[in-house]
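What follows is each chain in one-letter form.
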Amino acid sequence: MNFLDLILKQVKKEGQDVCGDYFISERIRGAQIYILCDGIGSGVYANVSAIYNANRLMEMIRNDVSLQDSCRILADSMHRARTEEVPFAAFSVFRVLPDGNFVGYSYEAPRPLIIQEGRARVMTAQQYQVGEEVFNEYAGLLFRGDQIILYSDGVTQAGMGKGIRLGIGEEKIAQYFTAMLSVEEDLESHESWEAIMDDLMAYVQTLCGGEDEDDVTAAAINCREGRSMVIATGPPSVKEKDAVMAKRFAAFKGTKAICGSSTIDILSQTLDLKVNKNVAPPSLLYPPEYEVEGVDFASEGAIMLNQTLNLLEDDPSEFYLGSPVEMLCTYLHEHDCITILLGTAINRSYPEMMFRQLGMHPRFEVVELLAETLEKLGKWVTIERY
C-alpha cells in the first residue's frame, strides 16, 4: 500500500516571536488534506490570520463542503479583507486520495511543484474567478516515488533585494529540486527527504544573505511504499466467518499481530499454525505472550489493547520494561498503514460492565480509540469487521 509521508520545514522571520505561516494536515473520510496559509505581514497578526483561515478552511471540509466551494468561500472573504478588518491569508490546499488522485487549490500563493521520475516542475493551473478574485486549481495522479511540494512566498521571494529583482521564483525552485534529486540514491525514504528539505531551507537563507528575511514554510508530500501491519482481535460474530477472517489474515503482506487468546485459537486452528504460550511474569504489566507460527506478535486481547492505548502517544525510545504492551506500541510506531481485523462476537467471559468497573474500554471501544490515536500520529488505519 502507498503511504503519504509529510516532511515539513518552517522558520519564522528574523526578530519575530512566531511564524506568520501555518500548516495543518488531517485525514478526512479516507482522504489526506493539507493546508498551508500565509498570513499577511509577519509576527503575531500574521500568525493569527494564518491559523484562523487554515482552521476555517479545514472546518468547512470536515462539514462536507466541497474543496472547490470551500476555496471559493475563503477567496471571497479574502476580497473583503482588502477593505475590511477581516484576517487575510494566502493559501494552498490539497486533497490526496489513497489511490494517488489529487486535487488542489491556491490563492495568492506560489504554484506547487510536482516531482515525478526525479524531475520537478511547476504544476499547471486552471484558473477560477470568484467575483474580483482568482484562484488556481490543480489535479493529477501521484505514483509511488512522486512528491508534491507546497511552499510559502518566503521561498519564491528569496534573494529579493540581494541581486535577484523579484526573488528566485517558482521555476528556479523547480530547477533547484531537480538538481538536488540527481544526486540522491533513495528518493522515497523519509531520511532522504528530511535532508533535501533541510538543504532547501539553507539555500533560501543563503539567498537572503544569511538571515531569515521572511517567514518560510516548505512541505514535501512524499508518496512511498507504506510499512503495513495487520492486527486480528476478537472472534467473528458467527462461526462461518472464522475462515473468512483467517484467509484475510493469512494473505496479508506485512507484519502480523494477534491480540486475544480466543483469536489465537481460531486462527491457529483454521490455518493449522503451531502455538506456544510463554510463561507470563507475575505482573499485570506483562500480559501473556504467545509464539504463533508465521506471526510476528501475539498476546492477550482487550486488556492488552487498553494498556497499549495508554502508552501509544509516548516515545518508544523511553520504554524500558520490554513488556508485550511496549512491543506492540513500538510495532505501531514503526508502521504506516495499520489494518485491524475486528471480530464482533460478544465476549461473555468479560461483560462490558467489568471493563467499565476496571476503568477500561470494551474491545469495540478501545479499537475505535486506538484508530483515532493512530490517525493523529499520522497513520492510515482501516478497520474490517467480521
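If you're wondering where the values come from, they're calculated on a predicted model, not measured in any experiment. (Residues numbered from 1 in each chain as written. Predicted model: local features only at pLDDT ≥ 70, side-chain atom pairs only at ≥ 80, totals over all residues. Heavy atoms only, no water.)

Colleague: How would you sum up the overall build of the chain? Please name residues and give values.
Modeller: Within the chain one finds eleven helices and 18 strands. Expressed as a percentage of its 386 residues, the buried residues of the chain come to 49%. Of all intrachain contacts in the chain linking residues separated by at least 6 positions in sequence, the fraction that spans at least 24 positions is 67%. When the 34 basic and 58 acidic side-chain charges of the chain are each reduced to a single mean position, those positions are 6 Å apart. (Helix = DSSP H or I, 4+ residues; strand = E, 2+ residues; numbered from the N terminus. Buried < 20%, exposed > 50% of the residue type's maximum accessible area, 1.4 Å probe, protein only. Contact = heavy atoms within 4.5 Å. Lys, Arg positive; Asp, Glu negative; His and termini not counted. Charge placed at Lys NZ, Arg CZ, Asp CG, Glu CD.)

Colleague: Could you give me a rundown of the packing of aromatic side chains, with the residues and numbers involved?
Modeller: For the structure shown, the criterion picks out twelve aromatic pairs. Ring geometry for Y128 and F135: centres 5.9 Å apart, planes at 20 degrees, overall stacked. Look at F297 and Y331: their rings are 6.2 Å apart centre to centre, the planes differ by 65 degrees, and that puts the pair in the edge-to-face class. You can see F297 sitting in strand β16 (residues 297-299) and its partner Y331 sitting in helix α9 (residues 324-334), a full 34 residues away along the chain. Among the aromatic residues, those joined into a ring-pair cluster are Y176, F177, W193 and Y203. For the cation-ring pair, R27 lies above W380, with the distance from its terminal atom to the ring centre recorded as 4.1 Å. (Phe/Tyr/Trp six-rings, centres within 6.5 Å; stacked < 30°, edge-to-face > 60°. Lys NZ or Arg CZ within 6 Å of the ring centre and 35° of its normal.)

Colleague: Run through the sheet that holds strand β8 (residues 126-130), naming residues and quoting values.
Modeller: The six strands are arranged β2-β3-β4-β5-β9-β8 in an open sheet whose pairing can be described as antiparallel. The open sheet has two free edges, formed respectively by β2 (21-28) and β8, since each of these has just one partner strand. Across the sheet, the mean angle separating the axes of adjacent strands is 15 degrees when strand polarity is ignored. Sheet topology places strand β4 (residues 89-96) next to strand β5 (residues 101-107); six bridges connect them, and they run antiparallel. Counterpart to F94 in the pairing with β5 is G104. (Pairing = 2+ DSSP bridges. Axes fitted to C-alpha atoms, helices over the stretch in contact; angles between N-to-C directions.)

Colleague: Before we move on, can you summarise the side chain of D336 with the specific residues and values?
Modeller: In this structure, D336 sits in the loop between α9 and β17 (337-342). Given a relative accessible area of 3%, D336 falls into the buried group. A distance of 2.8 Å separates polar atoms of two side chains, one belonging to D336 and the other to R224. Residue contacts for D336: discarding those within four places in its chain leaves F3, R224, E225, G226, R227, K379 and W380. (Polar contact = N/O pair within 3.5 Å; in protein donor to acceptor, adjacent residues only side chain to side chain.)

Colleague: Now, about the sheet that holds strand β10 (residues 147-151): what can you tell me, with residues and values included?
Modeller: Read from one edge to the other, the open sheet built from five strands follows the order β1-β11-β10-β6-β7, with strand pairing classed as antiparallel. At either end of the open sheet lies a strand with only one pairing partner, and these are β1 (2-11) and β7 (119-122). Along the sheet, successive strands turn relative to each other by an average axial angle of 20 degrees, direction set aside. Looking at chain direction, strand β6 (residues 113-116) and β7 are connected through four bridges and run antiparallel. Within the sheet, the bridge partner assigned to L113 lies in β7 and is V122.

Colleague: Describe the packing of helix α6 (residues 242-251) against helix α7 (residues 261-271), and please don't skip the residues or the numbers.
Modeller: Geometry of a packed helix pair, given as the angle between the helix axes and the separation of the axes. Put simply, α6 and α7 touch, their axes get as near as 9 Å, and they point 80 degrees apart. What the angle tells us is that α6 and α7 run roughly perpendicular. Taken together, the residues of α7 that come into contact with α6 (itself represented by D242, A243, M245, A246, F249 and A250) are T263, I266, L267, T270 and L271. Looking at side-chain class alone, the contact of α6 with α7 contains eight nonpolar, two polar and one charged residues. (Parallel < 35°, antiparallel > 145°, perpendicular 65-115°, else oblique. Nonpolar A, V, L, I, M, F, W, Y, C, P; charged D, E, K, R; others polar.)

Colleague: A description of helix α11 (residues 363-376) should follow, citing residues and the corresponding values.
Modeller: An ideal rise of 1.5 Å per residue puts 20 Å on 14 residues; α11 measures up with 20 Å between its terminal C-alpha atoms. Of the surrounding secondary structure, the elements contacted by the buried residues of α11 are β12 (228-233), β13 (255-259), α8 (302-311), α9, β17 and β18 (380-385). Looking one or two places after α11, you find G378, whose phi comes out positive at around 90 degrees. (Expected span 1.5 Å × (residues − 1).)

Colleague: Could you give me a rundown of α6, with the residues and numbers involved?
Modeller: Three or more residues of α6 are buried, namely D242, M245, A246 and F249. Relative to the axis of α6, the buried residues are bounded by an arc of 100 degrees and lie together on one face. On the buried face of α6, the contacting elements are β12, β13, α7 and β17. (Arc of directions from axis to C-beta.)

Colleague: Give me the lowdown on the pairing of β4, citing residues and values where you can.
Modeller: Summarising burial for β4: seven of the eight residues are buried, a large majority. Across eight bridges, strand β3 (residues 31-39) lies against β4 in antiparallel orientation. Bridge pairing in β4 links G39 to A89. Hairpin connection from β4 to β5: four residues lie between these consecutive antiparallel strands, with G100 at a positive phi of about 100 degrees.

Colleague: So what's going on with a nonpolar patch on the surface? Residues and values would help.
Modeller: A contiguous nonpolar surface patch, about 350 Å² in accessible area, is contributed by L285, Y320 and L321. As for its placement among the helices and strands, L285 is situated in the loop between β14 (275-277) and β15 (290-292). (Patch = residues over 30% accessible without salt bridge, like charges linked within 9 Å, V, L, I, M, F, W, Y side chains within 5 Å. Areas by Shrake-Rupley, 256 points an atom, 1.4 Å probe, with all protein chains shown as cover. Salt bridge = Lys/Arg side-chain N within 4 Å of Asp/Glu carboxyl O.)

Colleague: Lay out the environment of C337 in plain terms, naming residues and giving numbers.
Modeller: The topology assignment puts C337 in strand β17. Residue classification places C337 among the buried residues on the basis of a relative accessible area of 3%. Each residue touching C337, except ones within four places of it in the same chain, is listed here: M1, N2, F3, G226, R227, S228, M229 and W380.

Colleague: How would you summarise the packing of α8 against α11 if you had to cite specific residues and measurements?
Modeller: It is at 10 Å that the axes of α8 and α11 come closest, and there the two elements cross at 30 degrees. The angle between α8 and α11 places the two elements in the roughly parallel class. Of the two elements, α8 crosses α11, and the hand of that crossing is left-handed. Counting all contacts with α8, which are made through A302, L305, N306, T308 and L309, the residues of α11 involved are R363, V366, V367, L369, L370 and T373. Here the contact of α8 with α11 is composed, by residue class, of seven nonpolar, three polar and one charged. (Left-handed = near helix turned anticlockwise from the far one by under 90°.)

No statement about biological role is implied by the geometric values presented.
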